[in-house]
Amino acid sequence: MSIDISTPGVDAVAGRSRSLMADPGSAGRFGQFGGRYVPESLVPACEQLEAGFREAWADPAFRSGLARTLSLYAGRPTPVTPTLRLSAELGVTLLLKREDLAHTGSHKINNVLGQALLAKRMGKVRLLAETGAGQHGVASATAAALLGLECVVFMGQRDIERQELNVFRMQLLGATVVPVHSGSRTLKDACNEALRNWVSQVDETHYCAGSVMGPHPYPWMVREFQRVVGEEAREQCAALLPQGQPDVVVACIGGGSNAAGTFAGFVDTNARLVGVEAAGGAAISSGAPGVLHGYRSRVLQDENGQILEAHSISAGLDYPGIGPEHAHLADIGRAEYPSVTDEEVVAAVLRLARTEGIVSALESAHALAWVLREAGTPQLPTDSTVLVTLSGRGDKDAAQLVELL
Amino acid sequence: MSAHERYGRLETHLRDRRDAGRSLLVPYVTAGVTADWTDYLHAYADAGADAVEVGLPFSDPMLDGPTIQEASHRALSLGATTIDALTRLARARAGIPLAVMTYANIVFRHGATVFCDQLADAGVSGLIVPDVPCDEVDELSTVAADAGIELVLLAAPSTAPSRLRTIAERSRGFVYGVTVMGTTGERAELADSARAVATALRRHSTRPVLLGFGISTPGQAAQASGCADGVVVASSLMREVLSGRGPAEVGASVAALRAGLDAGSAT
């Protein structure tokens, strides 16, 4: 598939053309998506954060400090692992970007260390986070402990019941986990509660968003903090693959942070970019343009504009929206967003475990499930090379899998 | 052209009353919270309200505290929809201007033009959308003006002076001064930040400045009237509605707020 890698966008502020997955400008727009749809009370905090991030991101000392922390503390670079038995079975060359091997067990640590260092630089003393599967909460609690920040994590009651181990880990790390009983009692409602709490604590608190969603600058900033996944993978693929690049790059999508980070490393190559949604939470294919949690994107909603509950086996993908940049990449055809069912996901976890000795998170298994389904079809012809970002490890899902199997 | 023709119905009405020396009272009701919810509009009008704020419920209200959240949830579980609410408002004929408060996703679901036209058809004068701040307001502002709807903007204690000026200038109907950094809900005392917000907004515009968030009692209303042109009262009234009090009983609370404001204006 041939992609024009120089597809320009227009910077609304400066009038410059720019490449895909670049700075979205002061308005934080990705095509028709993005923006800053927050109460007036939060606008100054978002503006302050944008200014703080721009300054820090342009500061070599901040960048090298983050890189050093990612290396010495979080275990970067994570490897790209070629699968042997599974590749042979599928007839495609399948490589895994191993974010499951990062500290705390998922890619979430990259973003959170970035935000926590930024928060500290900006003089904030408290991290406020929301979490679905608990991985972002654990990462936030970890970074807060490392940097001496207070940490409060909002989590839907239903997710607390599904993710007992991660709740314990957060508490062990010194964080306060606040159960959310409203709505569907999942990630969507935890986001509402975290944002409401932020309004009242904005001076001393940094809202540590868990994905490429929320008001500007979050979708851009989180993507930049996750860019390390794609950039590392690109270099590693260049060393491993005779042709230098994979034909297809696949990642699971809830809010979409691991996919955004992965895609950022390959958006200017010819690789097909595939973001895999949960069938019950497919905001790209089943949603409509709307505004949720401070940004405009594609959102699962009814005819009247009420937000629908997403349904997924994985708490991390139980979210009715999707990062605005993904909605834009879908709009312009640069990335594809198919979906897979819960049954396909469980089958993918088992198959990877038994062929490669790797137990992936249910979230990550969405990406793998798409590969298993499509390998050998025109979607993914035999002899293709495929990179899958394995965004997290499956320990947290063990209790849930016991019930399912 | 007279001065009045430059303003919409809501602003003209509020300016007239304010200029006559009256402190303005805008009570709130969530559309669809009870089967007889439009009866509260009449009770509020009879009790001395100058306009009514009608909340169109949204599943994910980012700026609402527990009481309004519960009211929205109850309304939605009773099947409330925008169309039904506006149809009921069109029939209600409250006799005073109405301003709808809702969230961006409700406004943009079928396009802002469609939504604003629906408001106009229902006889609504104003629109308050708390998650569309002034930086994102261009499209909605134009569409609302074309439909004859006055788009009310909010200012917060955290708003910088330069933004306060923009908000005061671009707001229509009135300017909504948020008294606290926080969500809607009752509070024990009127926040100190209320006076600062109201004073700053009044410096930038002659438009009516109403304070809201945390104003619950006649005493707080009277206190607020000392620095602003009036108040919006929501959570304390909705707490009564949610506890089963009918239009006459809640209307009595609005009358008490009216008395508090009148007493505040007189001192």
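Once a new chain begins, its residue numbering starts again from 1 and follows that chain's sequence as written. The lettering of chains begins at A and the numbering of ligands begins at 1, in the order of writing. Predicted model: local features are reported for residues with pLDDT of at least 70 only, side-chain atom pairs are reported and counted for 80 or more only, and whole-chain, interface and lining totals are derived from all residues. Only heavy atoms go into the side-chain values, all of them from the structure, while hydrogens and water stay out.

Summing up its helical and strand segments, chain B has twelve helices and nine strands in all. Judged by the C-alpha coordinates and their principal axes, chain B covers about 45 × 40 × 35 Å. Looking at chain B as a whole, 63% of its 267 residues qualify as buried. Contacts in chain B between residues far apart in sequence, at least 24 positions, make up 73% of those at least 6 positions apart. Accessibility throughout is a Shrake-Rupley quantity obtained with a 1.4 Å probe, and a residue counts as covered only by protein chains that appear here. Carbon together with sulfur atoms contributes 50% to the accessible area of chain B, which is approximately 9,600 Å² in total. In this tally Asp and Glu are treated as negative and Lys and Arg as positive; neither His nor the chain ends contributes. Where a charge sits is defined by one atom per residue type, namely NZ (Lys), CZ (Arg), CG (Asp) or CD (Glu). Across chain B, 23 positive and 30 negative side-chain charges occur, with their mean positions spaced 4 Å apart. Secondary structure follows DSSP: runs of H or I at least 4 residues long count as helices, runs of E at least 2 residues long count as strands, and numbering of each begins at the N terminus. Partly exposed describes any residue whose relative accessible area lies between the buried limit of under 20% and the exposed limit of over 50%, with all areas from a 1.4 Å probe on protein chains only and scaled to the type maximum. Residue contacts are defined here by distance: any two heavy atoms, one from each residue, within 4.5 Å place the two residues in contact.

This next bit is on the pattern of salt bridges. Salt bridges are counted wherever a side-chain nitrogen of Lys or Arg sits within 4 Å of a carboxyl oxygen of Asp or Glu. Counted by the stated rule, this structure contains 44 salt bridges over all chains. One salt bridge in this structure joins B:R163 and A:E40, with 2.8 Å as the shortest N-O distance. With one member in each of two chains, B:R163 in helix α8 (residues 161-170) and A:E40 in the loop between β4 (33-34) and α1 (43-57) form a pair that bridges those chains. By the burial criterion, B:R163 is buried, and A:E40 matches it. Look at the salt bridges and you will find they share partners, linking A:R223, A:E224, A:R227, A:E231 and A:E325 into a network.

This part covers the interface of chain B and chain A. Listed by partner, the interface residues are 33 residues for chain B and 33 residues for chain A. By buried area we mean how much accessible surface two parts lose on assembly, using a 1.4 Å probe and totalling the loss over both. Overall, the association of chain B and chain A removes approximately 2,800 Å² of surface from exposure, summing both partners, and the carbon and sulfur fraction of that is 51%. Linking chain B with chain A are four salt bridges. When the shortest N-O distance is used, the salt bridge between A:E47 and B:R163 registers 3.5 Å. Any N or O atom pair separated by 3.5 Å or less is treated as a polar contact, with the protein-specific requirement of one donor-capable and one acceptor-capable atom, and with residues adjacent in sequence counted only for side-chain atom pairs. Between chain B and chain A we count 19 residue pairs in polar contact (both at pLDDT 80 or more) in total. Those elements that provide at least two residues to the side of chain B that touches chain A are α3 (66-77), α5 (104-108), β6 (154-155) and α8 of chain B.

Here we come to the confidence of the model for chain A. The pLDDT value expresses, per residue, how confident the predictor is, ranging between 0 and 100. Across chain A, the average pLDDT comes to 92, with 96% of residues at 70 or higher. Counting contacts from residues 1-17 of chain A, a segment whose pLDDT is below 50, to residues more than four positions away or on other chains yields 22 contacts.

Okay, the side chain of A:K124 next. Residues and elements named next belong to chain A. Positionally, K124 belongs in the loop between α4 (108-121) and β7 (126-131). A polar side-chain atom of K124 sits 3.2 Å from a polar atom in the side chain of Q48. Not counting residues up to four positions away in its chain, the partners in contact with K124 are Q48, A119, L149, V202, D203, E204, T205 and H206.

This part takes up the packing of helix α4 (residues 82-92) of chain B against helix α6 (residues 112-121) of chain B. Two measures define how a pair of helices packs: the angle their axes make with one another and the distance between the axes. Residues and elements named next belong to chain B. For helices, the fitted line uses only the C-alpha atoms of the stretch in contact; every axis is such a line through C-alpha atoms, and the angle between N-to-C directions lies from 0 to 180 degrees. Taken N-terminus to C-terminus, the directions of α4 and α6 make an angle of 25°; their axes are 9 Å apart at the nearest point. Here α4 is positioned roughly parallel relative to α6, judged by the angle of their axes. Between α4, through T82, I83, L86 and A90, and α6, the contact on the second element is made entirely by F115, Q118, L119 and D121. Ten residue types, Ala, Val, Leu, Ile, Met, Phe, Trp, Tyr, Cys and Pro, are classed as nonpolar, four, Asp, Glu, Lys and Arg, as charged, and the remainder, Gly among them, as polar. Looking at the contact of α4 with α6 residue by residue, the classes come out as five nonpolar, two polar and one charged. Should an angle lie under 35 degrees it is considered roughly parallel, over 145 roughly antiparallel, and from 65 to 115 roughly perpendicular; all remaining angles are considered oblique.

Let us look at the packing of helix α13 (residues 342-356) of chain A against helix α14 (residues 362-374) of chain A. All names here are of chain A. Remark: α13 packs on α14, axes separated minimally by 8 Å, with the N-to-C direction vectors making an angle of 90°. Considering the angle they form, α13 stands roughly perpendicular to α14. Note on element contacts: α14 touches α13 through L362, A365, H366, L368, A369, L372 and R373, opposite E344, V345, A348, V349, R351 and L352. Looking at the contact of α13 with α14, its residues break down into nine nonpolar, one polar and three charged.

What follows covers the pairing of strand β1 (residues 24-30) of chain B. Residue and element names in this part refer to chain B. Counting buried positions along β1 gives seven out of seven residues, so the element sits mostly inside the fold. Strand pairing is assigned whenever DSSP detects at least two bridges linking the two strands. Alignment of β1 against strand β9 (residues 230-233), held across four bridges, turns out to be parallel. Counted as the bridge partner of L25 is V231 from β9. Between the parallel pair β1 and strand β2 (residues 52-55), the chain is carried across by helix α2 (residues 37-46), and the sense of this crossover is right-handed. When the strands point away from the viewer, a crossover counts as right-handed if the route from the first strand across the helix to the second turns clockwise.

Residues belong to one nonpolar core when they are buried, are Ala, Val, Leu, Ile, Met, Phe, Trp, Tyr or Cys, and are joined through side-chain atoms within 4.5 Å. Counting residues in hydrophobic clusters, the biggest one holds 162 residues, and the most contacted among them are A:W198 and B:L127. Excluding its chain neighbours within four sequence positions, the residues that come into contact with B:L127 are B:V100, B:F115, B:C116, B:L119, B:L140, B:I149, B:E150, B:L151 and B:V152. Counting residues in each nonpolar core, the second largest holds 32 residues, with A:V276, A:V340, A:A348 and A:V386 among its members.

Bringing unusual backbone geometry into the picture now. Backbone phi values are negative for most residues with the exception of glycine, while trans is the configuration of most peptide bonds. Residues and elements named next belong to chain A. Between R76 and P77 the backbone carries a cis peptide bond, its omega angle lying at 0°. For P77, the position within the fold is in the loop between α2 (60-72) and β5 (80-82). Residues H216 and P217 are joined by a peptide bond in cis, for which omega reads 20°. Within the fold, P217 resides in the loop between β10 (205-207) and α9 (218-240). A positive phi angle is found at M21, which is not glycine, with a value near 55°. Relative to the assigned elements, M21 resides in the loop between β2 (17-18) and β3 (29-30).

Attention now goes to α1(A). Helix span is expected to be 1.5 Å times the residue number reduced by one. If you check α1(A), its first and last C-alpha atoms are 21 Å apart, about what 15 residues at 1.5 Å a residue would give, namely 21 Å. Residues of α1(A) that are buried make contact with α2, α4, α8 (187-200), β10 and α9 of chain A together with α8 of chain B.

Here we come to the sheet that holds β10(A). Residue and element names in this part refer to chain A. Pairing in this open sheet of four strands is parallel, and the strands run β9-β8-β7-β10 from one edge to the other. The strands lining the two open edges of the sheet, one partner per strand, are β9 (176-180) and β10. Pairwise comparison of adjacent strand axes, ignoring direction, gives a mean angle of 25° for this sheet. One ladder, built from three bridges, connects β7 with β10; its direction is parallel.

Right, let's get into the sheet that holds strand β7 (residues 175-178) of chain B. Strand-to-strand pairing in sheets goes through backbone hydrogen bonds, with the strands running parallel or antiparallel. All names here are of chain B. Read from one edge of the open sheet, nine strands run β5-β4-β3-β2-β1-β9-β8-β7-β6, paired in parallel fashion. In the strand order of this sheet, the two ends are held by β5 (150-152) and β6, each with one partner. Pairing analysis gives three bridges linking strand β4 (residues 126-128) to β5, with the strands arranged parallel. From the neighbouring strand, G126 faces β5, where its bridge partner is E150.

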